[in-house]
Amino acid sequence: MGIIFSGILWGSFFILLGLSVILKHTMNVDIPVARIFFGVFFVYLGVQIILGSNRRSSGNSCDVIFSESKVTADVRNGEYNVIFGKGTIDLTRVEVKEKDVFLKANTIFGSSTVRLKTGTPTLVKANTAFGNARLPDGNAAAFGNYLYKTKTYQEGKPHLEVDLSTVFGDTQVVVEE
């Protein structure tokens, strides 16, 4: 959605709007710039959604929007989103050393799989509203909160804490070797 915040987009819109006002008051020519602009914008947005271009996650992006992709976690990026898509959030490379690592994974109107490494002490706080969060211990949260702890998790020791939110979607947490 970088085009929405682009200076080129808004600059051209205001130039066309200004030209429209000048033409209307000097030559009595009425050009519906706003209607044309928004029509073209919605056509562009629709084509982008259908084609999926500029929507794919490259591994560096934290978001999967209107597409299917895999995101490899980086401790510097604290939040990962799957919105109207299908994504795998790979947390197997996250290392917990001296202090706790906090990450957030959101699934909204989509499907996601969150991968955890077996030896990493992890606390997963699953929050679900009108969705499904399936956890490795066999429990599932359809509405409300659930707390999952890996076998290596110890209270007070450095650990990975994942705040998992699912709204109108499906999230599965998988612990892998």
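Up top you'll find the structure we're talking about.
Please read these numbers as outputs of a predicted model, since none were measured by experiment.

Engineer: So what's going on with the overall build of the chain? Residues and values would help.
Structural biologist: Scanning the chain for helices and strands turns up two helices and 12 strands. Seen in sequence order, the chain has helices and strands lined up from the N terminus as α-α-β-β-β-β-β-β-β-β-β-β-β-β. By residue count, 36% of the 177 residues in the chain fall in the buried class. Look at the contacts in the chain between residues 6 or more apart in sequence, and 59% of them connect residues 24 or more apart. Accessible area for the chain stands at about 10,700 Å²; split by element, carbon and sulfur atoms hold 60% of it.

Engineer: Run through the nonpolar core, naming residues and quoting values.
Structural biologist: Ranked by internal contacts, the top residues of the largest apolar core, which has 24 residues, are Leu 91 and Val 114. Going through the elements one at a time, β3 (79-83), β5 (101-108), β6 (111-117), β7 (122-129) and β11 (160-167) are the ones with two or more residues in this core. Discounting chain neighbours no more than four positions away, the residues touching Val 114 are Ile 89, Leu 91, Ala 105, Leu 164, Thr 171, Gln 172, Val 173 and Val 174.

Engineer: Would you mind going over the sheet that holds strand β10 (residues 144-149) in detail, with residue names and values included?
Structural biologist: Pairing is mixed in the open sheet, where six strands are placed in the order β1-β3-β5-β11-β7-β10. Every other strand in the sheet has two partners, leaving β1 (63-65) and β10 as the edge strands with one partner each. Going across the sheet, the axis of each strand differs from the next one's by a mean of 10°, ignoring polarity. The pairing of β7 with β11 spans eight bridges and is classified as parallel. For Thr 128, the partnering residue across the bridge sits in β11 and is Thr 166.

Engineer: So what's going on with the environment of Phe 109? Residues and values would help.
Structural biologist: Residue position: Phe 109 is located in the loop between β5 and β6. Aside from chain neighbours lying at most four places away, what touches Phe 109 is Phe 84, Gly 85, Val 167, Phe 168 and Gly 169.

Engineer: Tell me about the pattern of salt bridges, and please be specific about residues and values.
Structural biologist: By the definition in use, this model includes seven salt bridges. The partner of Glu 95 in a salt bridge is Lys 97, with the nearest N and O atoms 3.7 Å apart. Note that Asp 163 is salt-bridged to Lys 104, the shortest N-O span being 3.6 Å. With Asp 163 in strand β11 and Lys 104 in strand β5, this pair connects stretches of sequence that are 59 residues apart. Given the relative accessible area of 25%, Asp 163 is considered partly exposed. Relative accessible area serves as the criterion here: at 30%, Lys 104 is assigned to the partly exposed category.

Engineer: Give a description of the sheet that holds strand β9 (residues 140-141) that names residues and reports values.
Structural biologist: Taken in spatial order, the six strands of this open sheet run β2-β4-β6-β12-β8-β9, and their pairing is mixed. The outermost strands of the open sheet, each flanked by one partner alone, are β2 (68-72) and β9.

Engineer: Any details on a nonpolar patch on the surface? Residues and values, ideally.
Structural biologist: Where nonpolar side chains cluster on the molecular surface, the patch consists of Phe 66, Phe 84, Ile 108, Phe 109, Phe 130, Phe 143, Val 167 and Phe 168 and spans about 770 Å² of accessible area. Residue classification places Phe 109 among the partly exposed positions, given a relative accessible area of 40%.

About the criteria used
- Residues numbered from 1 in each chain as written.
- Predicted model: local features only at pLDDT ≥ 70, side-chain atom pairs only at ≥ 80, totals over all residues.
- Heavy atoms only, no water.
- Helix = DSSP H or I, 4+ residues; strand = E, 2+ residues; numbered from the N terminus.
- Buried < 20%, exposed > 50% of the residue type's maximum accessible area, 1.4 Å probe, protein only.
- Contact = heavy atoms within 4.5 Å.
- Areas by Shrake-Rupley, 256 points an atom, 1.4 Å probe, with all protein chains shown as cover.
- Core = buried A, V, L, I, M, F, W, Y, C linked by side-chain atoms within 4.5 Å.
- Pairing = 2+ DSSP bridges.
- Axes fitted to C-alpha atoms, helices over the stretch in contact; angles between N-to-C directions.
- Salt bridge = Lys/Arg side-chain N within 4 Å of Asp/Glu carboxyl O.
- Patch = residues over 30% accessible without salt bridge, like charges linked within 9 Å, V, L, I, M, F, W, Y side chains within 5 Å.

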